[in-house]
Structure formats: C-alpha cells, structure tokens
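Secondary and tertiary structure notes
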Amino acid sequence: MILKCKALNLPLILETLNICLYSFRSYRPFYLQLTSMPSINYSTQKPCSPFDGDKPSNIQKQVQPKLRITTDGDKCGGTPVQLQLKEKRKKGYCECCLQKYEDLETHLLSEKHRNFAQSNQYQVVDDIISKLVFDFVEYERDTPKKKRIKYSI
Ligand SMILES: [Zn+2]
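Residues numbered from 1 in each chain as written. Predicted model: local features only at pLDDT ≥ 70, side-chain atom pairs only at ≥ 80, totals over all residues. Heavy atoms only, no water.

Attention now moves to the overall build of the protein. Secondary structure assignment for the protein yields 7 helices and 2 strands. Helices and strands in the protein line up, N terminus first, as α-α-α-α-β-β-α-α-α. Per-residue burial over the protein gives 9% buried out of 153 residues. (Helix = DSSP H or I, 4+ residues; strand = E, 2+ residues; numbered from the N terminus. Buried < 20%, exposed > 50% of the residue type's maximum accessible area, 1.4 Å probe, protein only.)

So this is what it looks like as structure tokens:
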C-alpha cells in the first residue's frame, strides 16, 4: 500500500483537491432527497426501465401513451397527463431572444422574435445548407383547377 501511494502524483492530487474545494466554495450545492433511493428492479417487463418500480400500474402508464396514438383513446383517463405535457412544452426559453416565455405561440408572434426570424442571423444555417445537394424531384405548384388528392395514413 505504502509503495503504491509513493508512486502517485501528489502535487496533481493536491491540485485536484484544491479545484474541488474551490468549486465547493463557488457554487451552491445541489441536492436530491428521495423517500426511497432508486433500486434496480429486474422484474419489470422488458422494454420498461428497471427503475420504474415493481407496481404493475407503473408499467401500464409507461406503455399506454404509445398505444393511445393508434387507438381512439379517451377511455384510459391518461389525457390529463398528456395535457400537462403539452402545457409544459408551451413554456420555455428562446435561445434567439435570450428570454423566457410563458407561451410558445405568443412568443413566436412577438415583435422581438419575428425581427430575429426575419433577420440574417440564420446565415450560418444557410451557409451549411448551400453545401448540400438538392436531389428531390421538384414539382411545380398545383394550379387551383387541379384538385389535390389528400392521402391519409
Ligand atoms: Zn424568441
């Protein structure tokens, strides 16, 4: 043991410790307090996460939203969860305007955001796009006389 310790790079260890101490002093600690710590549960059904817990209701909750897309859906009573998710998605942070918004649609219509959207700030994207090759078949715009057939899947 002693021999191994001698081989270690002590100044480096001290420096690392110092950096750790420094960051402890500079940043607020971040905690997570749980009533029960995560445990690996091998008895969950296969695509489910082993951290889902052993309650069968949890497994159903995980699977149902995917199934609901194909079925008509309002039967399961899982809609409030979906609505909550939608509500959450509406709130966010705009990286263009560098500001938080409460409602996405309203923010997209705000003057600041529209000014950005119409500015030349997307030149960096356009520069990359200009290097790509367009190899799709480009049809002319449909004349109003022709009725466009809508395919529904
Ligand atoms: Zn914005």
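Tallied over the entire structure, the rule returns 2 salt bridges. Between Glu102 and Lys91 there is a salt bridge, with the nearest N and O atoms lying 3.8 Å from each other. In this pair, Glu102 is assigned in the loop between β2 (99-101) and α5 (104-109) and Lys91 in the loop between α4 (79-90) and β1 (92-94), connecting sequence segments 11 residues apart. Exposure class is identical for Glu102 and Lys91. Each is exposed. (Salt bridge = Lys/Arg side-chain N within 4 Å of Asp/Glu carboxyl O.)

Below, the discussion takes up the coordination of the zinc ion. Protein coordination at the zinc ion comes from Cys94 (SG), Cys97 (SG), His107 (NE2) and His113 (ND1), with a distance range of 2.0 to 2.3 Å. The coordination sphere of the zinc ion comprises 4 donor atoms, whose angles at the metal cover 104 to 115°; the geometry is tetrahedral. Written as a sequence motif, the donor arrangement for the zinc ion is C-x2-C-x9-H-x5-H. Of this pair, Cys97 sits in the loop between β1 and β2 while His113 sits in helix α6 (residues 111-117), placing them 16 residues apart in sequence. Exposure class is identical for Cys97 and His113. Each is buried. (Donors = N, O, S within 2.8 Å, 3.2 Å for Na, K, Ca; no water. Tetrahedral: all angles 85-135°; square planar, octahedral: opposite > 155°, others 65-115°.)

On to the packing of aromatic side chains. Overall, the coordinates contain 2 aromatic pairs when judged by the stated rule. Summarising the aromatic geometry, the rings of Phe116 and Tyr122 are spaced 5.5 Å apart at their centres and angled 85° between planes, so their arrangement reads as edge-to-face. On the basis of relative accessibility, which here comes to 34%, the residue Tyr122 falls in the partly exposed class. Judged by centre distance (6.0 Å) and plane angle (65°), the rings of Phe134 and Phe136 are edge-to-face. (Phe/Tyr/Trp six-rings, centres within 6.5 Å; stacked < 30°, edge-to-face > 60°.)

A few words on the side chain of Asn41. By secondary structure assignment, the location of Asn41 is in the loop between α2 (10-26) and α3 (56-70). Reaching out from Asn41, the side chain makes a polar contact with the side chain of Ser43 at a distance of 2.7 Å. (Polar contact = N/O pair within 3.5 Å; in protein donor to acceptor, adjacent residues only side chain to side chain.)

Put plainly, two cysteines are in a disulfide when a covalent bond ties their sulfur atoms together. For the structure on display, the rule yields 0 disulfides. With no disulfide partner, Cys96 has as its closest neighbouring cysteine sulfur the one in Cys94, 4.3 Å distant. Exposure remark for Cys96: the relative accessible area of 27% places this residue in the partly exposed category. (Disulfide = S-S within 2.5 Å.)

Attention shifts here to the environment of Thr16. By the element assignment, Thr16 lies in helix α2. A relative accessible area of 42% places Thr16 in the partly exposed class. Within the structure, the side chain of Thr16 is placed 2.6 Å from the backbone oxygen of Leu12, a separation counted as a polar contact.

Residue-level pLDDT values for the protein average 78, and 66% of them are 70 or greater. Confidence drops under pLDDT 50 across residues 58-78; counting only partners more than four residues distant or on other chains, this segment forms 11 contacts. (pLDDT = per-residue confidence, 0-100. Contact = heavy atoms within 4.5 Å.)

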